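Observations on chain architecture
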Amino acid sequence: MIVTVAQASDVVELLQHQHQQIRKLFSQVEKTSGRGRAEAFDRLRHLLAVHEIAEEEIVHPFARRALGDGARVVAARLHEENRAKHTLKELERIGTHSREFMPLFAKFRKAVEAHADHEERQEFPQLIRNSTPEQLRGMAAAVKAAEAVAPTHPHPGTESPAKNLIFGPMMAVADRTRDLIRRAMR
């Protein structure tokens, strides 16, 4: 049975469901062209941006404290996330119509899927073992709230909760305004 984001009972289930959505959007981008590819990429970019912000604000700080090797695990994930944000920003800049897009997109997909696999195999099992059901449910609610107000475009260099709190609201307003203008001009 596939669990929807609204049905997710804890943060691990929620994030795994989002990973499934991300994988499906990668496939949609690869299988389509023209406007369909641009729209699928836009949905993917949005989901990746809010997903990573929520992990950076909610999940990683908890993991850093709760897991025995949390600092090491989180540092590795943040490094992967920062590289992915740079690539996502470059993909956004060159656009889905560019000849350069699909080769770079293929590399990006491989890196993001490896990142998700690292989370699913290394971080999530430890979160389950080192958290109470109440903590996991609370983090799911916090992730949903963070995603509702998160920036919708990649912002490399903001991988810490402090930077997200300081710059996030301004970036979110700017990103969401830009998204509205782009949709209106289509």
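Residues numbered from 1 in each chain as written. Predicted model: local features only at pLDDT ≥ 70, side-chain atom pairs only at ≥ 80, totals over all residues. Heavy atoms only, no water.

**Digging into the overall build of the protein**
Helix and strand counts for the protein stand at six helices and zero strands. Listing each helix as α and each strand as β along the protein from the N terminus yields α-α-α-α-α-α. Across the 186 residues that make up the protein, the buried fraction comes to 45%. Intrachain contacts of the protein at a sequence separation of at least 6 include 73% that bridge at least 24 residues. Put simply, the protein shows about 9600 Å² of open surface, and 59% of that area lies on carbon and sulfur atoms. (Helix = DSSP H or I, 4+ residues; strand = E, 2+ residues; numbered from the N terminus. Buried < 20%, exposed > 50% of the residue type's maximum accessible area, 1.4 Å probe, protein only. Contact = heavy atoms within 4.5 Å. Areas by Shrake-Rupley, 256 points an atom, 1.4 Å probe, with all protein chains shown as cover.)

**Topic: the pattern of salt bridges**
This model, assessed by the stated rule, comprises 12 salt bridges. Here R72 makes a salt bridge to D69, at a shortest N to O gap of 2.4 Å. Given the relative accessible area of 53%, R72 is considered exposed. Judged by relative accessible area, which is 26%, D69 ranks as partly exposed. Where salt bridges share partners, they join E30, R109 and E113 into one cluster. (Salt bridge = Lys/Arg side-chain N within 4 Å of Asp/Glu carboxyl O.)

**Digging into the packing of helix α2 (residues 34-66) against helix α5 (residues 133-148)**
Interhelical geometry of α2 versus α5 gives an angle of 145° and a closest axis separation of 9 Å. Crossing angle aside, the handedness with which α2 passes α5 is right-handed. Where α2 approaches α5, its residues V50, H51, A54, E57, I58, V59 and F62 are matched on the opposing element by Q135, M139, A142, V143, A146 and E147. Classifying every residue of the contact of α2 with α5 by side-chain character gives nine nonpolar, two polar and two charged. (Axes fitted to C-alpha atoms, helices over the stretch in contact; angles between N-to-C directions. Left-handed = near helix turned anticlockwise from the far one by under 90°. Nonpolar A, V, L, I, M, F, W, Y, C, P; charged D, E, K, R; others polar.)

**Quick look at the side chain of E119**
Its location among the elements puts E119 in helix α4 (residues 101-129). A polar contact of 2.9 Å, which involves the side chain of E119, links it to the side chain of H19. Not counting the four nearest positions on each side in its chain, E119 is found in contact with H19, H51, E55, H60, R77, E81, F124 and P125. (Polar contact = N/O pair within 3.5 Å; in protein donor to acceptor, adjacent residues only side chain to side chain.)

Function-wise, these values are silent; they only describe arrangement.
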